Amino acid sequence: MDIVKTPDWHLLIVWYFFIGGIAGGAYFTAAIADNYGGVRDRSVVRIGYTLALLLIGLCGVLLILDLGTPSRFLNMLGHFKFWNPMSIGAWMLGVFGAFAFVSSALAWFGSEQSAGLRRKVSLIGTIFGFFLASYTGVLLSGSAQPFWSEARLMGALFLASGASTGMAAISLLLFLSGETSGEGFRKVKRSDRVAILLELVILAVFLGLLGSAAAPITQGAFAPLFWGGLIAGGLVLPLLLDFFGHRVKALGGLAAVLVLVGGFILRYVIVMARA
Amino acid sequence: MARTLAMFTDTSLCIGCRACQVACKQWNELPMEQPEWTGGYQNQSHFTDKTYRLVRFIEKPQANGQLQWLLMSDVCKHCAQAGCLDACPTGAIYRTEYGTVNINQDVCNGCRYCVSSCPFGVVAYNHDTGRANKCTFCNDRIHNGLGPACAKTCPTESIQFGFRDELVPKAEKRLAKLKEMGYAGAQLYGADTNGPLGGLNAFFLLLDQPTTYHLPEKPLLPQRNVLVDSLLSVGSALLVGVGAVLAFRERGGKEGGDGHR
Amino acid sequence: MTTNLIDIQHSDVIMATSNFAENHPVGFQWVMKAKERGAKFIHVDPRFTRTSSVADLHVPLRSGTNIAFFGGLINYAIQNNLYFKDYVTHYTNASFLIDPAFKTATDGGGLFTGLEQTGKGGGDPHLAQTYKRDSWKYQLDGEGNPKRDLTLKDPHTVFQLLKRHYSRYTPEMVERVCGIPKEKFVQAAKLYCENSGPEKTGTITYALNLTQHTNGVQNIRSLCMLQILLGNIGRPGGGVVALRGHANVQGATDLELLYHELPGYLPMPLRDAHPDYKTYLEKVTPKGGFWVNLPKFSVSLLKAFYGDAATKDNEFGYQWLPKRASADAYSHQHMFVDMYKGVIKGFLADGQNPAVGGPNAKLARAAMGKLEWLVVKDIFITETAEFWKAPGTNAKDIKTEVFFLPAAPAAEKDGSLTNTMRLIQWHERAVKPPGDVTSDAEFFVSLAKRLQKMYAGSKKERDKGFLAASFDYGSDPKEPNMELVLKEINGFATEDITDKDGKVVYKKGQALNTFAHMTDDGKTAGGCWIYTGVTVEGPDGKLINKANARKPADDKDYLAHGWGFAWPANRRILYNRASADLKGKPWSEKKKLIWWDPEAPGNEPDKKGKWVGLDVPDFNAFLAPDAKNGDKPFIMRADLVGAFFGPLNDGPFPEHYEPIESPTKNLLSKQQNNPVAKIWQGLDDKNAIAPVGSPDFPYVITTYRLTEHHLSGVMSRQLPMLAELFHSHFAEISHELAAELGIQNGEKITVLSPRGKVHVTAMVTHRLKPFMIDGKKVHQIGVPWHWGYNGTPGLPGSKGDITNDLSATVADPTVYIQETKAFVCNVKKGVV
Ligand SMILES: Nc1nc2c(c(=O)[nH]1)N[C@H]1C(S)=C(S)[C@@H](COP(=O)(O)OP(=O)(O)OC[C@H]3O[C@@H](n4cnc5c(=O)[nH]c(N)nc54)[C@H](O)[C@@H]3O)O[C@H]1N2
Ligand SMILES: Nc1nc2c(c(=O)[nH]1)N[C@H]1C(S)=C(S)[C@@H](COP(=O)(O)OP(=O)(O)OC[C@H]3O[C@@H](n4cnc5c(=O)[nH]c(N)nc54)[C@H](O)[C@@H]3O)O[C@H]1N2
Ligand code: SF4
Ligand code: SF4
Ligand code: SF4
Ligand code: SF4
Ligand code: SF4
Ligand SMILES: [Mo]
């Protein structure tokens with residue numbers, strides 16, 4: 001019988017963590033494409049910003065559903081603690097939402113003149129995007145649950161995963177909308193590989209640091225999901241598909257799906273192992 | 001800030017009568033709950049949203065064949081550095097002018113972050129109200145010149161209430177006495193303001209290791225990890241960032257500009 | 001109890017033989033205080049309980065072997081010269097010579113001289129024999145005073161007989177009988193005996209652990225004997241602490257809600273032996289000791305009962321008193337047997353729940369099913385009020401007409417409670433009872449008045465006394481004024497009382513200040529002489545209710561004489577003359593309580609000398625140590641000394657016998673159990689008794705309480721805050737037994753006795769261990785008895801089977817108490 005109590009957070013929170021990650025990741029990918037990419041990456045930019053905007057709205061809904069009533073979300077805005085991830089998180093949700101809105105608006109309706117502004121805005125927005133993708137992890141590191149906090153890597157891990165799922169989401173949409181011919185698809189994929197590799201590295205260090213404290217996911221009920229669903233299915237397999245099958249677009253689409261599923265599984269096992 | 005109040009629970013005086021547990025329920029009008037089979041007299045294995053004082057019964061057969069039945073009345077520690085308080089995003093958890101830690105039910109939004117942030121597993125989520133509950137240090141009583149209901153009820157003065165700076169020396173005297181009576185394992189838990197969490201305003205005299213009593217050997221403030229993880233997150237942000245920039249960079253920009261040149 | 005809970009803090013050693021911490025937690029604070037002062041604390045109990053958890057030494061003994069244990073201690077103290085010689089020689093009957101014809105059980109094969117077959121007994125082997133006590137007496141000198149040998153050497157001295165009687169109770173024997181390892185017993189014996197004497201004192205506490213046995217009274221005698229042997233009575237930090245039951249059970253006993261005594265411990269008249277008042281008084285008034293005043297108390301009592309109707313000419317109404325047909329008893333168990341046999345047809349259960357709490361509860365419920373009517377007056381609907389709802393009963397078969405009357409609990413009425421230390425404390429009503437709810441006093445007074453109306457003018461002899469009885473307590477016709485009830489109990493003058501020079505000392509109706517002022521001429525009335533002084537008239541003529549006094553202890557008065565009123569005469573430690581030596585000086589400075597001050601002004605102008613000190617002397621305050629009987633502290637006894645030799649129905653010395661149901665034969669003698677214990681016969685299958693060492697019921701079982709619950713559980717099972725403190729009804733069993741039976745902690749088990757069975761949760765614990773009895777392993781289990789078939793809605797665990805369905809209808813021969821602390825059972829895995 002553990003001394004420390006679990007917050008009994010459930011699926012709503014898992015979804016919130018997952019969606020928030022994608023939103024942050026997608027926005028940041030779009031911003032990079034916007035600033036460093038070329039004209040053929042426009043679709044990436046548009047999809048990225050818009051996806052971020054839609055998902056951030058969904059995040060708000062999820063949070064409120066978990067808390068019960070909308071007013072309870074406002075309680076968090078009545079108060080600000082700079083050292084408290086959850087407190088800042090609540091604020092950032094709003095701020096990032098604003099950026100996502102402006103960026104998407106400019107991306108769709110902005111004139112040529114406004115493009116410069118759009119890029120600068122997006123560079124700043126990226127910071128908040130990253131925040132949204134990672135703060136949910138830092139929040140776990142800041143709890144008393146040894147499994148969540150001891151490695152002090154949750155934030156880093158969630159960020160890598162957020163970025164990669166964000167990219168996967170964009171590439172999937174490109175695939176579905178048939179825009180796989182363009183440079184964008186390839187570039188997103190390429191950068192996603194980096195994110196996935198990084199995520200694998202962090203996970204390795206994470207498990208190393210935790211040792212037996214990682215048991216909740218490496219052993220028992222969640223082990224198959226973790227090893228099979230995340231490590232093998234959600235990270236290694238997509239990498240291989242991308243390396244060997246990047247000629248075949250369909251495989252690219254499949255890889256994106258796998259990454260997304262993997263990203264969900266990551267949040268799922270980590271949260272539910274302590275629910 | 002008024003003089004810090006404290007509760008000193010001296011387990012060497014506890015007879016496990018559970019009057020404190022009942023007095024707490026009665027004063028705070030906490031509803032009934034299903035008991036749990038814990039294998040012994042204890043009716044809940046841990047604090048719940050309806051049990052703020054929990055008397056623990058620990059059977060410990062000794063090497064010498066003698067039996068020890070350790071009885072302890074556990075409660076929120078009202079930590080000087082409180083994980084629950086730091087975790088609370090709404091400010092519902094606050095420190096009173098007496099140094100006690102309390103939850104303002106009107107402000108609590110039920111996010112449960114405090115629940116996972118208490119190193120002692122004290123705060124519990126109340127599914128009926130959708131808010132977090134824990135010992136209030138009888139906030140209403142201390143603000144009306146009364147001691148906590150649990151301390152008031154204890155027949156053996158196992159729970160003592162008073163100003164921290166007066167209780168600690170008392171506790172140290174008692175410890176010394178027990179030592180000379182041969183209680184080798186006797187120790188104070190949370191009395192020292194230089195100790196873990198800057199000291200506990202509800203501190204204990206134990207007859208055995210803290211872990212025997214379901215207490216962490218060395219409780220740590222969970223928020224200590226926030227900064228490190230934040231920096232590491234920035235690190236991994238830079239890495240994915242670089243990766244993406246490399247991926248998207250237009251090599252030599254030979255391909256047709258996208259209009260802004 | 002002879003002492004006072006507060007005084008326990010001054011003990012050097014405390015031996016709790018009951019579950020003090022769990023059942024008297026508030027009083028237990030004084031043990032903790034003593035411990036903080038460095039006192040040693042021993043707990044004697046088959047189970048390791050919350051009391052044991054704070055003890056220096058826990059001594060587990062097999063239930064029902066207490067006399068073997070205390071006898072062992074007595075033997076140890078004598079053999080090792082650890083007894084208090086001067087105290088024993090002068091303050092007890094140790095030096096008295098006994099009739100040479102008397103032989104102890106050591107020489108009588110476990111029996112004392114004089115056991116006789118009476119012929120009667122109705123198949124009860126035990127009733128068929130009684131002791132003829134001819135030889136159980138002192139040798140008298142010419143003046144009829146007991147002969148003494150202060151050297152204690154004469155083989156006929158009580159001391160030598162005592163020594164001889166307990167010579168068999170060696171540490172080895174204690175180990176074989178009680179299952180206490182010899183080393184542990186010796187450790188306890190040393191610890192206790194070596195902490196008594198002039199400089200040190202020890203306290204022993206007991207409760208049901210000693211009483212609920214077929215030798216219950218002898219159990220208690222054995223510990224009292226140990227205490228006088230060690231000089232622990234009447235001295236600070238010493239004493240016999242009887243930890244009593246219900247908040248007011250002491251008061252109920254003092255006012256004698258009993259069949260064999262009248263208020264103030266006056267004997268209940270017998271129809272044949274006491275045909276008239278004169279004979280009664282002659283026969284029941286002892287020749288010596290303070291009890292020579294009995295007639296004054298008796299007459300005052302009759303005046304309190306019958307008021308002006310009680311006059312010299314009509315023997316103060318003595319003939320109106322109900323009388324016992326014979327010395328036969330009308331105890332709780334007798335009553336239910338008679339109900340079952342159809343002798344008793346109606347029953348008023350006022351604040352009692354025998355359907356759960358009575359021994360052999362199955363029989364109790366069956367008995368109530370044979371009544372014509374049953375009235376239950378209670379603050380809750382009890383199992384008794386719904387006895388027909390018991391599992392397995394078919395309400396259709398029950399013809400009993402049942403009435404329920406709601407009662408007001410303590411908080412809804414004024415009144416007093418007399419607690420375990422004879423302390424009378426007043427409580428005021430906090431809220432008025434709701435609706436039809438009435439206090440017990442209101443109920444009984446109005447019932448009596450109605451009946452008096454109904455029977456007014458009746459010429460029948462049997463109605464006269466009842467019609468003469470006075471029930472007027474104040475102006476309010478419905479609600480008696482409880483302070484006037486207290487005044488009647490206290491006693492008052494029935495007419496102006498003048499001293500020899502005609503000066504009025506009491507005006508008519510004035511409350512008496514002390515029972516010393518009671519007279520046998522009808523000028524005083526008093527409902528319970530020992531309570532006199534509890535309420536007295538102040539200078540302004542108003543009553544001062546001393547039960548309401550609330551001055552706590554301070555350094556000048558550690559016994560808190562200003563808090564409540566302790567009977568008699570606010571004395572906090574009884575027999576406290578014994579705290580001083582023959583000359584009246586404290587045995588030691590450390591242990592001083594009262595002493596003779598030769599310089600203090602005496603009771604007459606020209607006289608000097610008075611007993612002074614920290615307590616009210618339980619002695620004639622002006623009787624000098626060197627005056628006749630000035631050195632005899634035990635004033636309530638005819639011979640004024642503490643009794644080692646004390647004739648009871650089952651012998652002058654306590655002797656170990658096995659409980660009626662036991663897994664083993666008696667290892668001390670061939671006499672298996674108390675030869676005169678009572679076992680009721682003719683109860684169909686309802687009182688089956690297991691034979692000695694029955695393989696069908698191999699385990700010892702004891703029943704007991706938990707801090708969290710109250711008695712039959714009515715008052716705790718229906719209170720969620722308390723009811724939720726235990727998961728469910730359970731039995732405590734050792735790991736060893738659990739292993740033998742393959743029982744897991746927390747699984748359901750069945751406990752069976754020859755009378756019935758209960759299904760409970762197994763609580764497997766290290767706190768019980770099997771005993772090695774004469775080399776054989778004997779298991780003992782423990783089952784609390786608080787559960788019944790009513791409980792808190794939504795808390796299934798608050799209901800449970802009735803433990804008393806297991807216990808038997810057997811009794812001790814002196815007070816007829818049940819044997820619910822030690823009988824036998826079997827345990828089966830699962831629900832069978
Ligand atoms: N909380 C609470 N307090 C109560 C009560 C209650 O119901 N609840 N009831 C009140 C009443 S009415 C009474 S009479 C008192 C009773 O007070 P106690 O006598 O203390 O009550 P029990 O628990 O019945 O029995 C005490 C102990 O006797 C032990 N025992 C059994 N057999 C033997 C034996 O042969 N020798 C020895 N030495 N010990 C033995 C049992 O293991 C048990 O622990 O408590 C009063 N106080
Ligand atoms: N097996 C086993 N059996 C035992 C014992 C044991 O140790 N083992 N102990 C024995 C002992 S010591 C005792 S004292 C008995 C107790 O047996 P009971 O006295 O039958 O049990 P209680 O539950 O105390 O019943 C008291 C009732 O009085 C009611 N009551 C409370 N206050 C008032 C009031 O002011 N007025 C009225 N009218 N009613 C009131 C309560 O609601 C409760 O129903 O049990 C005995 N039975
Ligand atoms: S013990 Fe837990 S709940 Fe209590 S103050 Fe400390 S951190 Fe908060
Ligand atoms: S649950 Fe309530 S008290 Fe706990 S952290 Fe959230 S808002 Fe604060
Ligand atoms: S201080 Fe008050 S709230 Fe806290 S445990 Fe004691 S009684 Fe309960
Ligand atoms: S009231 Fe006192 S003695 Fe009883 S359990 Fe609580 S702390 Fe222990
Ligand atoms: S229940 Fe009443 S009488 Fe019994 S210990 Fe508690 S306070 Fe004393
Ligand atoms: Mo009792």
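Description of the structure in this document. (Residues numbered from 1 in each chain as written. Chains lettered and ligands numbered in written order. Predicted model: local features only at pLDDT ≥ 70, side-chain atom pairs only at ≥ 80, totals over all residues. Heavy atoms only, no water.)

## Some words on the pattern of salt bridges
Inspection of the entire model under this criterion finds 56 salt bridges over all chains. Note that Glu479(C) and Arg429(C) form a salt bridge whose closest N and O atoms lie 2.9 Å from each other. Pair noted here: Glu479(C) is in the loop between α17 (461–468) and α18 (482–490) and Arg429(C) is in the loop between β14 (423–427) and α16 (440–455), with a separation of 50 residues, a long-range link. Using a relative accessible area of 28% as the deciding quantity, one classes Arg429(C) as partly exposed. With a closest N to O distance of 3.8 Å, Lys632(C) and Asp631(C) form a salt bridge. Residue class for Asp631(C) comes out partly exposed when judged on its relative accessible area of 24%. Bridged by salt links that share partners, the residues Arg18(B), Glu22(C), Arg50(C) and Glu708(C) form one connected network. (Salt bridge = Lys/Arg side-chain N within 4 Å of Asp/Glu carboxyl O. Helix = DSSP H or I, 4+ residues; strand = E, 2+ residues; numbered from the N terminus. Buried < 20%, exposed > 50% of the residue type's maximum accessible area, 1.4 Å probe, protein only.)

## Comments concerning the environment of Arg550(C)
Residues and elements named next belong to chain C. In this fold, Arg550 is placed in the loop between β20 (543–545) and β21 (565–566). A relative accessible area of 34% places Arg550 in the partly exposed class. In this structure the C-alpha to C-alpha distance between Arg550 and Trp563, which are 13 residues apart in sequence, comes to 4.5 Å. Discounting residues that sit within four places of it in the chain, Arg550 has contacts with Gln425, Trp426, Gly562, Trp563 and Gly564. (Contact = heavy atoms within 4.5 Å.)

## Some thoughts on the site of ligand 1
All names here are of chain C. For ligand 1, the set of nearby residues contains 31 residues, the closest of which are Asp45, Asn66, Arg705, His709 and Leu711. A distance of 2.7 Å is found between a nitrogen atom of ligand 1 and a backbone nitrogen or oxygen belonging to His709. When the free accessible area of ligand 1 is taken as 910 Å², the share hidden by the protein chains comes to 95%. Elements represented by at least two residues in the shell around ligand 1 include exactly α1 (20–23), α8 (208–211) and β25 (699–704). In the shell around ligand 1, the residues fall into eight nonpolar, 17 polar and six charged. (Near = heavy atom within 4 Å. Polar contact = N/O pair within 3.5 Å; in protein donor to acceptor, adjacent residues only side chain to side chain. Areas by Shrake-Rupley, 256 points an atom, 1.4 Å probe, with all protein chains shown as cover. Nonpolar A, V, L, I, M, F, W, Y, C, P; charged D, E, K, R; others polar.)

## Description of the interface of chain C and chain B
On the side of chain B, 36 residues touch chain C, which itself brings 43 residues to the contact. Its largest share of buried area at the contact with chain B, chain C owes to Arg50(C), Met721(C) and Glu724(C), together 20% of the area lost on that side. Across the chain C-chain B interface, the total number found is five salt bridges. Where Glu724(C) meets Lys25(B), a salt bridge forms, and the shortest distance between an N and an O atom there is 2.6 Å. Summed over the shared surface of chain C and chain B, the number is 13 residue pairs in polar contact (both at pLDDT 80 or more). If you list the elements that add at least two residues to the side of chain C that touches chain B, you get α1, α2 (29–36), α20 (720–723), β26 (730–734) and β28 (757–765) of chain C. (Buried area = accessible area lost by both parts, 1.4 Å probe.)

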